[in-house]
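Structural characterization, general
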Amino acid sequence: MTTPGAGGAGGATEGAGTAESEESAGAGETAEGPGATGAAEIAVESAVEATTTAGTAETAAEAAGPERRLHPVTPLRRAWAPVAVVFGWAVHDPDGAQRHLSRLTTTTLLIGLAVIVPAAALYGFCSWWFTHFAVTGTELRIRTGLVFRRTAHIRLERIQAIDVTQPLLARVAGVAKLRLDVIGTDKKDELAFLGADDARALRAELLARAAGFAPGTAHEVGEAPARRLLRVPPGVLAVSLLLSGGTWGALAAALVVPPVLWLATESVWTVLAVALPLLGAAGASSVGRFVAEYDWTVAESPDGLRIDHGLLDRAHETVPPGRVQTVRIVEPLLWRRRGWVRVELDVAGSSNSVLVPVAPREVADAVVARVLPGVTVPGPAALSPSPRRARWCVPVWWRGYGLGVTDAVFAARSGLLRRSLALVPHAKVQSVRMTQGPWERARGVADVCVDTGANKTVRARLRDAAEARELLAAQAERSRTGRRDARPDRWMA
Amino acid sequence: METGSPRDAGPAGTQGTAEAVEGGPVWIALPPGLLRMRRLLLVVWLGLIALAAGLVPGLLAGPAWAAFAVLPLALMAWGWVMIGRNWRSWRYAERADDLLISRGVLWREETVVPYGRMQLVEVASGPVERYFGLASVQLHTAAAATDATIPGLAPAEAERLRDRLTELGEARSAGL
């Protein structure tokens, strides 16, 4: 395992990658570029398969860059899994575990280890050895699997976001995970792990190609210069977390529920089973969030928006221009006096949702204006409230609803204590709906819903029925025309 | 089964022709096949339940208990009316740039899908629907929340709609 492993270590770096390229037979086929037919693809597949061991040195075609492997520490990422399984079983059935443990002798232990450790090592090695990726002019191709082969071709101009994340242990090892968010990709399509510098270089190259730079110049373009827009000071972040209701709610639940449960049931296991998740939730919503959102930096570059954050696990997210589907400006009750807001965003196919964890309103508005070009955040005065008769449909809270439509965005506000203003650029609207329940019809009001590609629906609730009908027609029209002046997918082309 | 001509069924049918002159949407109501199918299914299922509810207590506990059958029968009468109202509320209109679907009696919903946003048009037809000569057209956009389904169309109309929507979608196609 050691010798091929060491040889493969060079394979992760680009220079050595060409030297030990396995694409001798496949290179001719892939040179034809993305137009290659399915049959040709299969031919390449088998050709590569056949020549893997032969390893004839020949530079790969330029259209399909050299096939590369992941970083050799990759197999270790799953090393914890068997330990976790054994631990989980021991916790689940402590008596059985004790019994089995007492029967365990030194010889059985040694034999077991002698079988399990090489088997696991072989599995890890194979999973690493048979995972390749290559960047072509239009796609990132990931080929994986020994028995069940799987090839993912990810179209670069459809990239919605690229994340480079470094969990704590990966930081120690100097490696990083690269994940592309394209609609329809799943967890398997992330490249974990790459060398930290490799990951950055690959991100820059992918972005350059996605932006429309010629394939030949794409890896010379390098990382686009970034201009910092905002950095959240740790003190402000800590205060903001102390002032949010969720933190205290989770903490209160974790402190109150277990004692009550103990009085009611007097069963240690029940209390533990409830208390541990509650404590976990309390920790995640306070300390966890602080650690994750520590040193939050938002920067702007020609490649899009850069978001870097994290104390232990570092994450570097990049959202290319024109990918943001919805921006929400949330204002919790306790933050209002300080004029702080939180900004969330939705990108299709991406799980990232926070743009700014906490910032003064003016700063946040400036960031939003950079994220959605040509958009000014409508102030409270620019939003028209629901008609007064709507109070019969939603008592008290009807005051929270408001709607403002500018020529760039559809802005709907909701919430009374925790105000939330959702902004949808007209170009991102997929469909528009008007709904009206019986209560609403009796009061002559209706809701207008706007569906976006990030699977989020923004509702403008309780509008006057006639206004809603006009809005429905006008919004469909704006959704269509808004797209015409939107940026192209390849933003540099 | 009383069924008017699909064009003037429902509140919009009559209005539709008037609006067409002014350039408003031309609403098309659903053909009567769906109504027939749903009512038949209702009658068959509730008829069976009514029979069971009447016979079992009637034979076991005495003839007076057969009155239980009234419950499913009442439900059937109510369902008959409801299905009619719901069927009448469905209508759709193909405009130059978007498709309109309007439905619902108590909870009304009107959906507008621009053709350029369509990702996929699907024609589906189950075994029962096929027996009644029906097919439904479903539109998918990049937003999963977009629920644009037109049920109970004649297969020929469903296919025509699918082809037309696909064609218009291609012509006006836009990204995300």
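None of these values were measured; they are calculated from a predicted model. (Residues numbered from 1 in each chain as written. Chains lettered and ligands numbered in written order. Predicted model: local features only at pLDDT ≥ 70, side-chain atom pairs only at ≥ 80, totals over all residues. Heavy atoms only, no water.)

**A word on the overall build of chain B**
Along its length, chain B carries 5 helices and 7 strands. The buried share of chain B, reckoned over its 176 residues, is 44%. (Helix = DSSP H or I, 4+ residues; strand = E, 2+ residues; numbered from the N terminus. Buried < 20%, exposed > 50% of the residue type's maximum accessible area, 1.4 Å probe, protein only.)

**Notes on the pattern of salt bridges**
Residues and elements named next belong to chain A. Using the criterion set out here, one finds 36 salt bridges over all chains in the structure. The closest approach of N and O atoms between Arg 328 and Glu 344, which form a salt bridge, is 3.0 Å. Residue Arg 328 is found in strand β12 (residues 324–331), and its partner Glu 344 is found in strand β13 (residues 340–347); the two are separated by 16 residues along the sequence. The two residues Arg 328 and Glu 344 agree in class, both being buried. Arg 461 is paired through a salt bridge with Glu 440; the nearest N and O atoms lie 3.3 Å apart. One end of the pair, Arg 461, is in strand β21 (residues 457–464); the other, Glu 440, is in helix α15 (residues 438–442), and 21 residues separate them in sequence. You can call Arg 461 partly exposed: its relative accessible area is 24%. Residue Glu 440 is classed as buried on the basis of its relative accessible area, which comes to 8%. Taken together, the salt bridges that share partners define one network made up of Arg 289, Glu 293, Arg 328, Arg 342, Glu 344, Asp 346 and Lys 456. (Salt bridge = Lys/Arg side-chain N within 4 Å of Asp/Glu carboxyl O.)

**Thoughts on the environment of A:Arg370**
All names here are of chain A. Within the secondary structure layout, Arg 370 lies in helix α14 (residues 361–371). The spatial distance from the C-alpha of Arg 370 to the C-alpha of Glu 300 is 8.1 Å, given a sequence separation of 70 residues. Residues contacting Arg 370, with those up to four places away along its chain left out, are Arg 227, Leu 229 and Glu 300. (Contact = heavy atoms within 4.5 Å.)

**Topic: the sheet that holds strand β20 (residues 445–452) of chain A**
One open sheet holds the 7 strands; their spatial order is β21(A)-β20(A)-β19(A)-β4(B)-β3(B)-β2(B)-β1(B), and the pairing between them is antiparallel. A strand with exactly one partner marks an edge of an open sheet, and here the two such strands are β21 of chain A together with β1 (28–29) of chain B. Looking at chain direction, strand β3 (residues 98–103) of chain B and strand β4 (residues 108–114) of chain B are connected through 6 bridges and run antiparallel. Within the sheet, the bridge partner assigned to B:Ser102 lies in β4(B) and is B:Glu110. (Pairing = 2+ DSSP bridges.)

**Section: unusual backbone geometry**
All names here are of chain A. Phe 193 follows Ala 192 through a cis peptide bond whose omega is 0°. Tracing the chain through its elements places Phe 193 in strand β7 (residues 191–195). A positive phi is found at Asp 295, a non-glycine position, where the angle reads about 55°. Of note, Asp 295 is situated in the loop between α13 (268–293) and β9 (297–301). Accessibility expressed as a relative area gives 17% for Asp 295, which makes it buried. Positive phi, normally seen in glycine, also occurs at Leu 462, with a value near 55°. Relative to the assigned elements, Leu 462 resides in strand β21.

**Some details on the interface of chain A and chain B**
Residue-level contacts link 28 residues of chain A with 22 residues of chain B. Summed over both partners, the interface of chain A with chain B comes to about 2300 Å²; 49% of that surface belongs to carbon and sulfur atoms. Where chain A packs against chain B, one counts 4 salt bridges. With a shortest N-O distance of 3.4 Å, B:Asp97 and A:Arg480 are connected by a salt bridge. On the surface where chain A and chain B come into contact, there are 13 residue pairs in polar contact (both at pLDDT 80 or more). Sorting the residues of the side of chain A that touches chain B by element identifies β19 (429–436), α15, β20 and α16 (465–484) of chain A as the ones contributing at least two each. Among the elements that line the side of chain A that touches chain B, the one with the most residues is β19(A), at 8 residues. The pairing of β19(A) with β4(B) spans 5 bridges and is classified as antiparallel. The residue of β4(B) that forms the bridge with A:Thr435 is B:Glu109. (Buried area = accessible area lost by both parts, 1.4 Å probe. Polar contact = N/O pair within 3.5 Å; in protein donor to acceptor, adjacent residues only side chain to side chain.)

**Observations concerning the nonpolar core**
Most often, soluble globular proteins keep nonpolar side chains buried together rather than apart. Residues A:Leu355, A:Leu372 and A:Leu423 are the most contacted members of the largest nonpolar core, which totals 36 residues. Counting residues in hydrophobic clusters, the runner-up holds 29 residues, among them B:Leu35, B:Val113, B:Val121 and B:Ala158. (Core = buried A, V, L, I, M, F, W, Y, C linked by side-chain atoms within 4.5 Å.)

**Quick word on helix α9 (residues 196–211) of chain A**
Over its 16 residues, α9(A) extends 22 Å from the first C-alpha to the last, a length consistent with the 22 Å expected when each residue adds 1.5 Å. A positive phi of about 110° marks A:Gly212, the residue just after α9(A). (Expected span 1.5 Å × (residues − 1).)

**Some remarks on helix α2 (residues 33–61) of chain B**
All names here are of chain B. Taking 1.5 Å of rise per residue, 29 residues should cover 42 Å, and α2 covers 41 Å from first to last C-alpha, within 8% of that figure. When α2 is considered as a whole, its buried residues turn out to be Gly 33, Leu 34, Leu 35, Met 37, Arg 39, Leu 42, Leu 46, Ala 50, Gly 54, Pro 57 and Gly 58. In the core, the buried residues of α2 are packed alongside α3 (70–89), α4 (127–131) and β7 (148–153). Just downstream of α2, Gly 62 is the residue with a positive phi angle, here 120°.

**Regarding the confidence of the model for chain B**
Interpreting fine coordinate detail is not advised for predicted regions of low pLDDT. In this model, chain B carries a mean pLDDT of 83, and residues with pLDDT of at least 70 account for 85%. Below pLDDT 50 for its whole length, residues 1–21 of chain B participates in 27 contacts with residues either more than four positions away or in separate chains. (pLDDT = per-residue confidence, 0-100.)

**Describing the pairing of β19(A)**
All names here are of chain A. With 8 of its 8 residues buried, β19 lies for the most part within the structure. Here β19 pairs with β20 via 6 bridges, running antiparallel. Looking at β20, one finds that Val 432 is bridged to Val 450.

**Regarding the packing of α2(B) against α3(B)**
All names here are of chain B. Running from N to C, α2 and α3 cross one another at 170°; their axes reach a closest spacing of 9 Å. In terms of orientation, α2 and α3 fall into the roughly antiparallel class. Note on element contacts: α3 touches α2 through Pro 72, Leu 73, Leu 75, Met 76, Gly 79, Trp 80, Ile 83, Gly 84, Asn 86 and Trp 87, opposite Leu 34, Leu 35, Arg 38, Arg 39, Leu 42, Val 43, Leu 46, Gly 47, Ile 49, Ala 50 and Ala 53. Looking at the contact of α2 with α3 residue by residue, the classes come out as 15 nonpolar, 4 polar and 2 charged. (Axes fitted to C-alpha atoms, helices over the stretch in contact; angles between N-to-C directions. Parallel < 35°, antiparallel > 145°, perpendicular 65-115°, else oblique. Nonpolar A, V, L, I, M, F, W, Y, C, P; charged D, E, K, R; others polar.)

**Points about the pairing of strand β17 (residues 409–414) of chain A**
All names here are of chain A. A large share of β17 lies buried, amounting to 5 of its 6 residues. As paired elements, strand β16 (residues 402–405) and β17 share 4 bridges and run antiparallel to each other. Across the sheet, the residue bridging to Val 405 is Phe 410, located in β17. Between the end of β16 and the start of β17, which pair antiparallel, lie 3 residues. Two strands pair when backbone bridges link them, and β17 and strand β18 (residues 419–425) are joined in this way by 6 bridges, in the antiparallel orientation. From the neighbouring strand, Ser 414 faces β18, where its bridge partner is Ser 420. Hairpin remark: β17 followed by β18, antiparallel, with 4 residues in the connecting loop; positive phi at Gly 415, about 90°.

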